[in-house]
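# Summary of the model geometry
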Amino acid sequence: MSAANVSRNGNGTGDDVILLSETLFQDITARVSTGAATPPCNASEPQPRPSDLSFTLNGKAVSLPLPTSRISLAEFLRETLHLTGTKLSCEEGGCGACTVLVQTTPSSPFKPVNACLRDIRSCHNQAVVTAEGISQVQAYLQEALADGNGSQCGFCSPGMVASMAALLNNNAKHKKSITKKDVELAISGNICRCTGYRPILDTFEKLVEVHNGHAGAHVCDIEDLAAMKCTSKKAPPLSNNEWVAPTTVDEAVAALREVNPSIAVGGCTGLVGVAKYYSMTASTLPTPRRLVDVQHIEELERIELNQSDLSIGAAVTLEDFHNALIEHTSASAAFTSCANHLLRVATPQVRAVATIAGNVFLTAAYPKFPSDVCLILLSLRATACVIDIATGVMHVETIADLLSRGESASMQVLCVSFSIPLNAKGSDEGAYFIGKIAPRHWNAHAIVNGAVSLPMGALPPSISFGGLVIGYMRCIATENVLRTTKSRSDLNNPALLNAALEALATDLASDAVSDDNRRMALALFYRAYLRALPDGALSPNLATAAKPPVDSRSASAGSVNFEGVTDPTELPISAPHTKLSARLQTSGKAVYGDDEPFPSQGLHAALVLSTEANAAIAAIDTSISCRTEGFCAFYDASELKRRGFKNDVGGGEPLFAEDRIAFHGQPLGIVVSTSRSLAQAAASLVQVSYSDVRKPILTFDDAEAARSYFDVPPTASTIKVGDAEAALAHADIVCQGEVELGGQYHFYMETQNATAVPSEGGQLEVTCTTQGPANAQAALCQVLGKSSALVDVSVRRVGGAYGGKISRNVPVACAAAVAAECLGLPVKLQLDLTSNMRALGSRRPHKAKYAIGLDKSRRIVALKVDVAMLQGAFSDGSFGTPLDVLMGIDGAYNVENWHVRGQIARTNTPPNTYCRAPGFVPGSLIIESAVDAAARAAGMAPEDLRWLNRYTTTSVTPRGEVLKYCSIDKCWDALVAKAGDPKARRAKIEHFNSESRFCKRGLSMAPMRYALFWDGNDMRALVTLGIDGRACIEHSCVEAGQGLNVKVAAVCAASLGIHLDDVTIKKTTTRICSAGSSGTGGSITSENCSAAVEDACEILKARLQPYLTPERTFTEAIRAAMDDQVDLCARGRFLGKPNSLGPAQYQSYGAAMIEAEVDALTGESRIVSAELVIDTGISLNPTVDAGQVQGGFVMALGYLLTEQVEFDHSKNGANVKVGTWEYKPPTAFELPDSFDVTLLPHAPNKQGFLRSKATGEPPLLLGASALFAIKDAIVAMRGDDKPFDLPVPALPSTVHRLCDVDWKRDYTLS
Ligand SMILES: Cc1cc2nc3c(=O)[nH]c(=O)nc-3n(C[C@H](O)[C@H](O)[C@H](O)COP(=O)(O)OP(=O)(O)OC[C@H]3O[C@@H](n4cnc5c(N)ncnc54)[C@H](O)[C@@H]3O)c2cc1C
Ligand code: FES
Ligand code: FES
């Protein structure tokens, strides 16, 4: 058996069959456990035996003994076969990083599937294609995404390609044209935190154009995947004690009865992806001993349209259910609405395999789960045909009865099918509407969902809501009011609407229903009622209330314009080169921390996190945990002390909590086991008891009440310029307000991980997800008590960072290192997403009270701000001095008198940290809130006040920065040229608003300023020239997707006069760039690192000078120099020096005009258009820079609109918005319908490196206009001038409340 056969090319596509024998399988499961990468392969083994699990992987047959417990497909691919192109991030179906293609039968299409959810036992007789397989046959998809700049950090890229491959291949098979909306939908289950999706959509849409026109010889030929298909020769059905895959219903019932308790399983998505969020209380049921896979039973997949019903097999997938409803829309007035609703259930990857029965039984088990599928079935009065497992008797029961069986439902019955009755002919002229209000449009469970069915006469109405109480709320009183309705025209009666609304309010009167949710349910009902009105009866101004424009929105579009920002004399610098590793990333070949080969004897770790926020640790009991399979060790604070380690990762933060817990989720210790899943299981079994449990300080109000603040010297927390108090006293208009700005989880797709490998003489090699290797090294040395000579830290790239890996990777690296040191063995710690979110903090929330004064000429004369920043339990060693927010509090405005006082709240929450544009994001939102309020008080369009008070080339900031090169005016003019005169835009919006009662639009236009600092920075680079004339760079910075390496390589190539392809960049290691070098952050790293490289190149050029003669090529000159023993390895450095124009090195400027739309009925908002202009100087790489602008802006949209960090007193102070189920970064749907980015032309930056400007963080500030456009729309809805402040995030519930819609007053028919 050659272990190397598969791993040789790492793609598992050698000619051999991958057949695992029993002993080999044991070896492999042990290796899955240890993470070792010995791929199984044995071509000489005989055919699979009964009960062998067989499937096709990238075109090759795989066979292995049927595992007795769950191994996810992702785990199998990554750990066993070392096919690391399949990435793991959320591990719960919410992000799409792990998407692979699965074909269930030889004739069915390849579907996108989450490898993290898929049990490999479900893959029997199927075909799986991973990134490695796509590389074999459809590499052009991967190349297109790379070349289209659709891959920044690259962690999402293989999953994106797989989703797109599924779309293209399916449509190639069906010879269908693909629309742009199809493309959007295809990637709706894939999160990308970096790119802002626009370049991904643009790339895929181009592929689609070729596909539709059949122009490209090599785009989406269905034959491409032919070699990857599953074989028509089926292996025998699977069966062991734990897993049976029957092919008939009788076999299934027998298998369920044989072992007690057993349950049927469909796509296995609910058990992993959903149950964990609802199974908060311990189940009283025994764990099922056997799972019966019903996917292979044809009868359960049947769909039949009969005279009186649509019969749907229990194992029909949600995707096929959707397709069936579309196919049979003429059979029921309800089907179109239901089909549209199904597209908002989960993701394409989940819908491809998740079954209807799975959803229903999941809801039975977890009645708090507001299932959309059950709501559909309930509202359509569907019934279920089930077989009692004990008796074998088949009977029909209602969905409500099925749900009332509770969590043991799937142990009691096997569901065979559902029957959806078709109403008697003629009576189906009624109306049906199902809708949901969710924190995000796609892939978000409902806050409230509702189905309103008004079948007029023949059948009684049916009105139900989910999300309000445990289970569904049937609104009987409302149904009774509507029961006598005979036709749609009966509804055109204001008295009936009033009566129905009053009845609904009575139905919803339960204390269990929150006010917000009650309002949302009433709104959904009102919408349904309006939609049901007869044609022509709907008042025109209510058309958008019945059907908001978002329902008929076409696919989003966008453009990037970077004409005039390049300098052809500096090529290859300034050219739009593709990122160096983009193709590696999109093909899954790029190596991230967890992809690095791991020594075979290596162990895996998991953190034990506290479940209290403010308590003493009474005892930590590992007696159960240490008896689990594979357990090796547990280390906590006391053990650290006993072994002489220092329990301090910096800023006074202990690595493991000592006596008192400071926050819920604080690491208490680390468990080491033979596999990651075993370590996680063992960690969950460590019993911690607490004493002296106190009420935690979680919020600003809590901190104020307890006076819990960090000590910050007034010099670092105050700005006092002029006399703000006096100026306010004399101002013509003074406005006061309060701004609340929440946190933002970084949501880097690659969760924090670290691998520590001890070696000879006490040396330790640590590979970790860090933005600051030198910082990590210093912390490791401190904790371990080791010399920096013994500790090396390295990082090749990180899968996103955004500031979250500057300091918050340190506890992870130190924990892995401590365990490795104690055991003398390699230890890997890869955090799961939930632990990552619980333990490591996020963007710092801020709360500010402001007073702004205007004089008669509408100059802002003074700003007084009291601002608090919520740091969490520890300082994290990263909050700036002075307080970060003071850097950005003036935004882009010239104000004479300032008085800002800041303080830092200390709370029982995880230590917060830098997050993309820290300080400046809250600073700009605070001043923009004040300016917006002042403009409204003065009766001015906010953009007019902004323009009047903008910074100009003669301005000086409150910190003394001279804005001699201010380009706000140029940006503003370019924006108006592009986006139009705001007055004209406003006139159009007013017209729209005048015709729309509840759906309102708003506009905001604002300038932007962002200060870039590099004083004191120390970046290093080592450039080595090889004998072949190629250059190799090792530098002190970290590629996190920002395009650092391509910029640096271009500078090196230009400097040495070689081709860009002749430059290689190695991974970053402290061996090269040790103590004192600066971390990657603050947007200026690419420039500083380029300068260090240029410095090294200059040294090399000087050394080569005597050899660079006209008759020699560059390579010959190198050879000649080498012959003369010239050192062709040079170290360059960039040392940031103070700037004569103030503390900042230079400023970035821009302007944005954004139009937003608010649906006042539901509180949902969206961005209709966003036009951005930003000054990037002479761009070092315009494609990279434009990508940063798009990505940064969309990250800001997430912060402002959908992402919420929330700690809950009733949950012991826990962060309740963890995981992809609760935390919602934008998907491609959240993009502006129209999204245009212009890089300001002809704007060389005299103070920047090679006249360039940084682009990583400034674009986030342009997002502020999105918030104020939404506020503008809310103002339009309210119709009064009562001031209000819009908090961040502007969630639907908040927007809905602020819109001040009163159902009694406003829900009318005209
Ligand atoms: C990321 C994500 C997002 C989601 N978003 C939504 C959403 O927005 N709205 C929504 O409604 N749902 C949502 N879901 C839930 C999803 O629809 C369910 O996970 C899915 O339908 C379950 O089907 P399954 O075949 O995978 O069930 P499984 O996980 O295989 O099984 C779930 C339960 O059903 C039982 N069961 C399965 N088949 C049968 C049968 N024939 N007879 C008896 N018992 C059976 C099993 O025993 C088990 O108890 C989401 C899920 C995920 C992972
Ligand atoms: S890792 Fe599988 S969906 Fe996120
Ligand atoms: S490129 Fe998509 S997450 Fe980084």
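In this text the structure is predicted, and so the values were computed from the model without any measurement. (Residues numbered from 1 in each chain as written. Chains lettered and ligands numbered in written order. Predicted model: local features only at pLDDT ≥ 70, side-chain atom pairs only at ≥ 80, totals over all residues. Heavy atoms only, no water.)

## Thoughts on the overall build of the chain
Short version of the rule: Labels follow the DSSP assignment, with helices taken as runs of H or I lasting at least four residues and strands as runs of E lasting at least two, numbered in each case from the N terminus. We take the radius of gyration over the C-alpha atoms and set the globule estimate at 2.2 Å times the residue count to the 0.38 power. Throughout this description, buried means an accessible area under 20% of the type-specific maximum (1.4 Å probe, protein chains only), exposed means over 50%, and partly exposed covers the range between. The contact criterion used throughout is that any non-hydrogen atoms of two residues lie within 4.5 Å. Throughout, the Shrake-Rupley method with a 1.4 Å probe supplies accessible areas, and for residues the shown protein chains are the sole cover considered. In this tally, Lys and Arg are treated as positive and Asp and Glu as negative; His is ignored, and so are the chain termini. Here the site of a charge means NZ on Lys, CZ on Arg, CG on Asp, or CD on Glu.
From N to C terminus, the chain includes 46 helices and 45 strands. The C-alpha radius of gyration computed for the chain amounts to 31 Å, which stays within 12% of the reference 34 Å derived for 1310 residues, consistent with globular compactness. If one aligns the C-alpha atoms of the chain with their principal axes, the spans along those axes are about 90 × 85 × 70 Å. Considering the chain as a whole, with its 1310 residues, one finds that 65% of them fall into the buried category. Put simply, 79% of the contacts in the chain that link residues at least 6 apart link residues at least 24 apart. If you sum the accessible surface of the chain, you get close to 43800 Å²; carbon and sulfur atoms cover 51% of it. Taking the 117 positively charged and 136 negatively charged side chains of the chain as two groups, their mean positions are separated by 2 Å.

## Topic: helix H12 (residues 318-327)
At 3.6 residues per turn, the α-helix brings residues three or four places apart onto the same side. In plain terms, the rule: To be clear, the arc concerns the directions from the helix axis to the C-beta atoms.
What H12 keeps buried is the set Leu318, Phe321, His322, Ala324 and Leu325. Relative to the axis of H12, the buried residues are bounded by an arc of 165 degrees and lie together on one face.

## Examining the UniProt feature "binding site: Mo-molybdopterin" (unreviewed entry) in the chain
In plain terms, the rule: UniProt positions are given in the numbering used here, feature names are shortened, and annotations may be inferred rather than shown by experiment. Nitrogen and oxygen atoms within 3.5 Å of one another constitute a polar contact, given that in protein one can donate a hydrogen and the other can accept it, and given that sequence-neighbouring residues count only through two side-chain atoms.
According to UniProt, the positions carrying the feature "binding site: Mo-molybdopterin" (unreviewed entry) are Gln771, Arg916 and Gly1082. With the annotated positions falling across 312 residues, the maximum pairwise C-alpha distance of 12.7 Å places them together in a single cluster. Summarising the element assignment, glutamine 771 is placed in the loop between strand S29 (763-768) and helix H30 (773-784). Here glutamine 771 is in contact with Ala801, Tyr802, Gly803, Gly804, Lys805, Ile806, Val1038, Gly1079 and Thr1080, once residues within four sequence places are set aside. A distance of 3.2 Å separates the side chain of glutamine 771 from the backbone nitrogen of isoleucine 806, its partner in a polar contact.

## A closer look at the packing of helix H38 (residues 1044-1056) against helix H39 (residues 1085-1104)
As a reminder, the rule being used: In this description, a line fitted to the C-alpha atoms serves as the axis of each element, helices being fitted only across the stretch in contact, and the angle between N-to-C directions of two axes falls anywhere from 0 to 180 degrees. By the definition adopted for this analysis, an angle is roughly parallel if under 35 degrees, roughly antiparallel if over 145, roughly perpendicular if from 65 to 115, and oblique otherwise. With the far helix as reference, a near helix turned anticlockwise by less than a right angle produces a left-handed crossing, and one turned clockwise produces a right-handed crossing. Note that Gly is not counted as nonpolar here; it falls among the polar residues with everything else outside the nonpolar set of Ala, Val, Leu, Ile, Met, Phe, Trp, Tyr, Cys and Pro and the charged set of Asp, Glu, Lys and Arg.
Running from amino to carboxyl end, H38 crosses H39 at an angle of 25 degrees, the nearest separation of the two axes being 9 Å. With respect to H39, the axis of H38 lies roughly parallel. Both H38 and H39 take part in a crossing whose hand is right-handed. In contact with Leu1044, Lys1047, Val1048, Val1051, Cys1052, Ser1055 and Leu1056 of H38, H39 contributes Thr1085, Ser1086, Cys1089, Ser1090, Val1093, Glu1094, Cys1097, Glu1098, Leu1100 and Lys1101. Here the contact of H38 with H39 is built from residues that sort into nine nonpolar, four polar and four charged.

## Quick notes on the pattern of salt bridges
Quick reminder of the rule: Throughout this description, the term salt bridge denotes a Lys or Arg side-chain nitrogen within 4 Å of a carboxyl oxygen of Asp or Glu.
For the structure on display, the rule yields 72 salt bridges. For the salt bridge of aspartate 932 with lysine 1271, the shortest nitrogen-to-oxygen distance reads 3.0 Å. Residue aspartate 932 is located in helix H34 (residues 920-938), and its partner lysine 1271 is located in helix H44 (residues 1264-1278); the two are separated by 339 residues in the primary sequence. This pair shows no difference in class: aspartate 932 is buried, exactly as lysine 1271 is. Of the charged contacts, one joins lysine 1047 and aspartate 1185 as a salt bridge, the two residues approaching to 2.7 Å between their closest N and O atoms. Here lysine 1047 is found in helix H38, whereas its partner aspartate 1185 is found in helix H41 (residues 1182-1202), with 138 residues between them in sequence. Salt bridges here are not isolated pairs; linked through shared partners, they connect Glu184, Arg553, Arg985, Arg1001, Glu1155, Glu1157, Arg1166, Glu1171 and Asp1233.

## A few points about the site of ligand 1
Here is the rule we go by: Consider each residue's heavy atoms; a residue with any of them within 4 Å of a molecule or strand counts as near.
Surveying the vicinity of ligand 1 reveals 40 residues, the closest of which are Ala264, Gly267, Thr269, Thr355 and Asp372. In the environment of ligand 1, an oxygen atom lies 2.6 Å from a nitrogen or oxygen atom belonging to the backbone of glycine 267. Between asparagine 359 and ligand 1, the recorded distance is 2.9 Å, taken from a side-chain N or O atom to an oxygen atom. Taken by itself ligand 1 offers 970 Å² of open surface, and the protein chains cover 98% of this. Elements with a contribution of two residues or more to the shell around ligand 1: strand S8 (262-265), helix H10 (269-273), helix H15 (356-365), helix H16 (372-379) and strand S14 (413-421).

## Quick word on the UniProt feature "binding site: [2Fe-2S] cluster 2" (unreviewed entry) in the chain
Using the residue numbers shown here, the UniProt feature "binding site: [2Fe-2S] cluster 2" (unreviewed entry) corresponds to Cys153, Cys156, Cys192 and Cys194. These annotated residues cover 42 residues of sequence, but their C-alpha atoms sit close together, with the largest distance between any two at 9.3 Å. Mapped onto the fold, cysteine 192 is located in the loop between helix H7 (180-186) and helix H8 (198-213). Cysteine 192 has contacts with Cys156, Met160, Tyr197 and Ile200, leaving out every residue within four places of it along the chain. Along the polypeptide, cysteine 194 turns up in the loop between H7 and H8. Setting aside residues no more than four positions away along its own chain, cysteine 194 makes contact with Gln152, Cys153, Tyr802, Gly1187 and Gly1191.

## Thoughts on the environment of leucine 77
Structurally, leucine 77 can be placed in helix H3 (residues 73-80). Separated by 1084 residues in sequence, leucine 77 and leucine 1161 have C-alpha atoms that sit 47 Å apart.

## Re the sheet that holds strand S37 (residues 1031-1035)
For the record, the criterion: When DSSP locates at least two bridges between a pair of strands, those strands are taken to pair.
Pairing is mixed in the open sheet, where four strands are placed in the order S38-S37-S36-S40. The sheet terminates laterally at strand S38 (1063-1065) and strand S40 (1129-1135), the two strands that pair on one side only. Across the sheet, the mean angle from the axis of one strand to that of its neighbour is 25 degrees, orientation sign disregarded. When S37 meets S38, the two strands line up parallel, connected through three bridges. Within S38, the position partnered with alanine 1031 by the bridge is valine 1063.

## Examining the nonpolar core
Applicable threshold: By nonpolar core we mean a set of buried residues, namely Ala, Val, Leu, Ile, Met, Phe, Trp, Tyr and Cys, connected to one another through side-chain atoms within 4.5 Å.
Ranked by internal contacts, the top residues of the largest apolar core, which has 272 residues, are Phe465, Phe525, Leu925, Phe998 and Tyr1307. In this structure, Leu117, Leu325, Leu402 and Ile420 belong to the second largest nonpolar core, which totals 77 residues.

## Some remarks on the confidence of the model for the chain
Heads up, the condition is: pLDDT expresses how confident the predictor is about each individual residue, on a scale running from 0 to 100.
For the chain, per-residue confidence averages 91 on the pLDDT scale, and residues scoring 70 or more make up 94% of the total. Here residues 1-17 scores under 50 on pLDDT; set against residues more than four positions off or in separate chains, the count is 39 contacts. For residues 21-46, every residue scores under 50 in pLDDT, and the model assigns this stretch 71 contacts once sequence neighbours within four places are set aside.

## A short note on the environment of alanine 1273
In this structure, alanine 1273 sits in helix H44. The spatial distance from the C-alpha of alanine 1273 to the C-alpha of glycine 650 is 46 Å, given a sequence separation of 623 residues.

## Looking at the packing of aromatic side chains
Inclusion rule: Ring geometry is summarised as follows: Phe, Tyr and Trp rings, the Trp one being its six-membered ring, pair when their centres sit within 6.5 Å, and such pairs are stacked at plane angles under 30 degrees, edge-to-face over 60 and tilted between the two.
In total, this model carries 20 aromatic pairs according to the counting rule given. Aromatic side chains phenylalanine 155 and tyrosine 592 sit 4.9 Å apart centroid to centroid with 85 degrees between the ring planes, which places their arrangement in the edge-to-face category. With phenylalanine 155 in the loop between helix H5 (139-147) and helix H6 (157-174) and tyrosine 592 in the loop between helix H24 (582-586) and strand S20 (603-609), the pair connects residues that are 437 residues apart, well separated along the chain. You'll find phenylalanine 155 and tyrosine 592 in the same group, each marked buried. Between phenylalanine 1193 and phenylalanine 1235, the ring centres sit 5.2 Å apart and the planes meet at 40 degrees, which makes this aromatic pair tilted. Here phenylalanine 1193 is found in helix H41, whereas its partner phenylalanine 1235 is found in strand S45 (residues 1234-1239), with 42 residues between them in sequence. Phenylalanine 1235 sits in the buried class, given a relative accessible area of 1%. Through successive ring pairs, a cluster of aromatic residues spans Tyr277, Tyr278, Phe369 and Trp1221.

## A look at the sheet that holds strand S21 (residues 615-621)
Taken together, three strands build an open sheet; the order of strands is S23-S21-S25 and the sheet is antiparallel. The open sheet is flanked by strand S23 (660-661) and strand S25 (687-691), the only strands paired with a single partner. As paired strands, S21 and S25 are joined by five bridges and run antiparallel to one another. Within S25, the position partnered with alanine 616 by the bridge is serine 691.

## Here we look at the side chain of arginine 676
Looking at where arginine 676 falls in the secondary structure, it is placed in helix H26 (residues 676-684). For arginine 676, a relative accessible area of 16% puts it in the buried group. Within the local environment of arginine 676, its side chain forms a polar contact with the side chain of glutamate 91, the two groups lying 2.7 Å apart.

## Concerning the pairing of strand S3 (residues 60-65)
The element S3 is largely enclosed, with a buried count of five among its six residues. Relative to S3, strand S2 (residues 52-57) runs antiparallel, the two being bridged by six bridges. From the neighbouring strand, leucine 57 faces S3, where its bridge partner is lysine 60. In sequence, S2 turns back onto S3 through a hairpin of two residues, with asparagine 58 there showing a positive phi of about 50 degrees.

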